[in-house]
Amino acid sequence: MQQNKPESRRDSETGRDPRSRRRLISADRVQGTPVFDHEGEKIGHLEDVMLDKETGKVAYAIMSHGGILGAGERYHPIPWSILRYDLEKQGYIVPMDKADLEKAPTLDHTEIYGDDAWQQVVHSHYGTPAPFI
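Draft legend 1. The arrangement of the pattern of salt bridges in detail. Applying the stated criterion across every chain yields a total of two salt bridges. Here Glu41 and Lys98 are joined by a salt bridge, their closest N and O atoms 3.1 Å apart. Of this pair, Glu41 sits in the loop between β1 (34–36) and β2 (42–51) while Lys98 is found in helix α2 (residues 98–103), placing the two residues 57 residues apart along the sequence. With a relative accessible area of 42%, Glu41 lands in the partly exposed category. Given a relative accessible area of 40%, Lys98 falls into the partly exposed group. Arg74 is the salt-bridge partner of Glu102, the closest N and O atoms lying 2.9 Å from each other. A residue pair is termed long-range when its members are at least 10 positions apart, and Glu102 in helix α2 and Arg74 in strand β4 (residues 74–79) qualify at 28 residues.

Draft legend 2. The arrangement of the pairing of β2 in detail. In the sheet, β1 pairs with β2 via three bridges, with the strands oriented antiparallel. Paired with Val35 across the two strands is Gly44, which belongs to β2. Connecting the antiparallel pair β1 and β2 is a turn made up of five residues, with Gly40 showing a positive phi of about 95 degrees. Where β2 and strand β3 (residues 58–65) come together, six bridges link them in antiparallel fashion. Bridge assignment links His45 to a residue of β3, and that residue is Ser64. A loop of six residues connects β2 with β3, the two strands running antiparallel in sequence, and Gly56 in this loop sits at a positive phi of about 80 degrees.

Each value, and the rule that gives it
Residues numbered from 1 in each chain as written. Predicted model: local features only at pLDDT ≥ 70, side-chain atom pairs only at ≥ 80, totals over all residues. Heavy atoms only, no water. Salt bridge = Lys/Arg side-chain N within 4 Å of Asp/Glu carboxyl O. Helix = DSSP H or I, 4+ residues; strand = E, 2+ residues; numbered from the N terminus. Buried < 20%, exposed > 50% of the residue type's maximum accessible area, 1.4 Å probe, protein only. Pairing = 2+ DSSP bridges.

Encoded structure:
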């Protein structure tokens, strides 16, 4: 006899419940997660995460903002330490608003994946210590 299990929302690709309260998450599941400002307004989504190769720790979230269908998007590297996950919103909260975002460092893909020179600019802007440097 099969027991009836409560229905849960499942991600159509992975079959996993997106509301999971597990502490660990795979990098591919972080990509596309919405980002909200401190007032709860959606300001973008996570495009990628940057890991330190030696320690394996997440150093930055690359947030995509603006654009239409990928054209004109701006990429903001944000220190991972300032993001906070909100279970109710199923997204990350950052301590900034749209005006702060306009002043934040913006990079293109070649700069992000090129060299590490941008890291000090990012940490200087956010007032956080640069990890692993």
